[in-house]
Amino acid sequence: MTYKITSVTSDHALLDRASERALSEHDRVRFVRPSLPELADVNRAYQKAYEQGVLTNGCLARKFEDAVAERLNVRYCVAVSSGTSALMLTYRALDLHGEVVLPSFTFFATAHAALWNNLRPVFADCLSDTWNLDPQDVARKITAKTSAVIGVHVGGNPCDVKTLENECGRAGIKLVFDAAHAFGSTYGGQPVGGSGDAEIFSLTPTKTLVCGEGGLITTNDATLAQRLRAGRNYGDSGSYDPELLGLNARFPEFNAAMGLAGLPLVASKIRRHNEIACAYRERLQDIPGIQFQQVEDGNASTFKDFSILVDPVKSGTSRDEVASALASEGIETRKYYSPAMHQQKLYREFAEKGDDALPVSTRVAGSVVSLPIYPSLPDEAIERVAAVIERVATGRD
Ligand SMILES: *Cc1c(COP(=O)(O)O)cnc(C)c1O
C-alpha cells in the first residue's frame, strides 16, 4: 500500500527536498504510515448504506458508536466530524464559561476549541517525567473564574486522572479529557474513555483508529450525550428549535464503515507500537542526555508518538542537530509539540508573564524529537535511527 505523507495532514514540515531526492525510496524512513483496513471490508459495510441513500449519521454511525462504547466500557459515544469539533461541542454542551485550565504542552486544537467558545485559556505546566499536566500547577491556577480543566493524554500516555478528578470535584468544576492520542490506552487497567465529564478522540490518519476524518466523544452522562447529539446537528434535536448553538459536525457513513472495519485492528497496532517503543528505549537508554516519556505503573500508552528529549548539556548536542542528522539520512522526524502553546502567536497573550512561566513545558518543547513509529516500520529502521542518534550524541563516527 502506498500512502503519500503529504496527503495525510499539512501541519508537518516535510523532509528536506534535496536529501529526499538524493535517497532512494528504499532508504527513506517515513514518520508515519496509517494502517488501514482492507478497502473491500470497508466497501462491504458501506455498500448498503450507499444503495439506501443514507450517507451521514445513519445506521453505520450508530453501530460504530455502540461498538466504541462497548469497547471503551462507557455508556455513551457520540461520533462527530473531527476531534476539534468534538472539543468545541463538548465545551459548548457543558456550558463552560470564563476560564479553562489546560496544558501548554499539547496540540493547539485543545486550546482552539476554547477560543472558539470565547473561553480564556489558562496554561498549566507539565511534569518532567510524564510530560502530562502537573496537578499541583493546575490547583494553583484554578480560580473563581475557572469552569473546567482540560486534561490531555499526551502521546497516548494517560495523565493523572484521579488527582485531576479530585481537584475538579473539590472546586465544583467540569473535567474534560482530550484523548485524541489515547484510543486503546488504559488507565489503572481500564480503557481510557470513561473519566471526567467526557473524553474526546480524533480519527484522523495520524491517530490510532483511523476513519479519514472524524472525532468521538465518550461520556457516562445521558444529558450531555443528548446535548452533543443535538449539537452536531446545528443544536437541533428534531423540533426545529435548537437547544444550543450547534454545528454541522455529523459523521459520514463511509467513515463509520472504515471505523467498524478498523476497530479489530487497533489492538495489534498498539502492540506493535509498544514493541517499537521498547526497542527504541533499549537501544537509546545508555546514551547520555537522552530521556523518555514515562508511563506510570498500571497504565498503558498507545505510543501514538515516540519522542525523546535531547538534553543539550548532558548529550553535547541539540534536538535540532539530532533532527537534521536524521533528515540527512532520509529519516523523517517531527517536534511534537514545539513550540509549546504559550510560545505561539495566538496564545502568547494568555501566558503568564515572566521568564520562568511554565519552565517544564518550555524545556520539554525545546528538546523534544518525535521518531518514526508505525506498525510497518521495520526493525532495521529502528537500528538506523538509533545509530544516527548515538553518533551525534557521543560525537563518535
Ligand atoms: C489531533 C488532535 C486534535 C484534533 O483532532 P482533529 O481530528 O485533527 O480535529 C485535538 N487534540 C489533540 C491532542 C490532537 O492531537
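So, how was this worked out
Residues numbered from 1 in each chain as written. Predicted model: local features only at pLDDT ≥ 70, side-chain atom pairs only at ≥ 80, totals over all residues. Heavy atoms only, no water. Near = heavy atom within 4 Å. Polar contact = N/O pair within 3.5 Å; in protein donor to acceptor, adjacent residues only side chain to side chain. Areas by Shrake-Rupley, 256 points an atom, 1.4 Å probe, with all protein chains shown as cover. Helix = DSSP H or I, 4+ residues; strand = E, 2+ residues; numbered from the N terminus. Phe/Tyr/Trp six-rings, centres within 6.5 Å; stacked < 30°, edge-to-face > 60°. Buried < 20%, exposed > 50% of the residue type's maximum accessible area, 1.4 Å probe, protein only. Axes fitted to C-alpha atoms, helices over the stretch in contact; angles between N-to-C directions. Left-handed = near helix turned anticlockwise from the far one by under 90°. Contact = heavy atoms within 4.5 Å. Nonpolar A, V, L, I, M, F, W, Y, C, P; charged D, E, K, R; others polar. Salt bridge = Lys/Arg side-chain N within 4 Å of Asp/Glu carboxyl O.

A. Region of the structure containing the site of the ligand. The environment of the ligand is made up of 15 residues, and the closest members are T84, D178, H181, S202 and K207. Side-chain polar atom of T84 to an oxygen atom of the ligand: 2.6 Å apart, as the coordinates give it. Relative to its free-state accessible area of 380 Å², the ligand is covered by the protein chains to the extent of 91%. Listing elements by their share of the shell around the ligand, those giving two or more residues are α5 (83-93) and α6 (109-116).

B. Fine view of the packing of aromatic side chains. By the definition in use, this model includes 15 aromatic pairs. Geometrically, the ring pair formed by Y46 and Y50 is tilted, given 5.8 Å between the ring centres and 55° between the ring planes. Taken together, the positions of Y46 and Y50, both in helix α3 (residues 39-52) and four residues apart, correspond to about one turn of that helix. Exposure remark for Y50: the relative accessible area of 54% places this residue in the exposed category. Ring centres 5.9 Å apart and planes at 80° place the aromatic pair F123 and Y347 in the edge-to-face group. Of this pair, F123 sits in strand β3 (residues 120-124) while Y347 sits in the loop between α13 (319-328) and α14 (359-367), and the two are 224 residues apart along the sequence. By relative accessible area, F123 is classed as buried at 4%. These aromatic residues form a ring-pair network of at least three members: F31, F105, F107, F108, W131, Y336 and Y337.

C. Layout of the packing of helix α11 (residues 266-284) against helix α15 (residues 379-394). Contact geometry for α11 and α15: axes closest at 10 Å, N-to-C directions at 35°. When the axes of α11 and α15 are compared, the crossing they make is right-handed. In this structure, α11 contributes R272, I276, A279, Y280, R283 and L284 to the contact, and α15 contributes D379, I382, E383, V385, A386, A387, I389 and E390. Across the contact of α11 with α15, the residue classes break down as nine nonpolar, no polar and five charged.

D. Structural detail: the pattern of salt bridges. Under the definition given, this model contains 18 salt bridges. Two residues, E352 and K141, come together in a salt bridge whose shortest N-O distance is 4.0 Å. Residue E352 is found in the loop between α13 and α14, and its partner K141 is found in helix α7 (residues 135-141); the two are separated by 211 residues along the sequence. Residue E352 is classed as exposed on the basis of its relative accessible area of 52%. Residue classification places K141 among the buried residues on the basis of a relative accessible area of 11%. A salt bridge links R319 to D320; the nearest nitrogen and oxygen atoms lie 2.9 Å apart. For D320, a relative accessible area of 42% puts it in the partly exposed group. Taken together, the shared-partner salt bridges in this structure form one network comprising R62, E65, R229 and R232.

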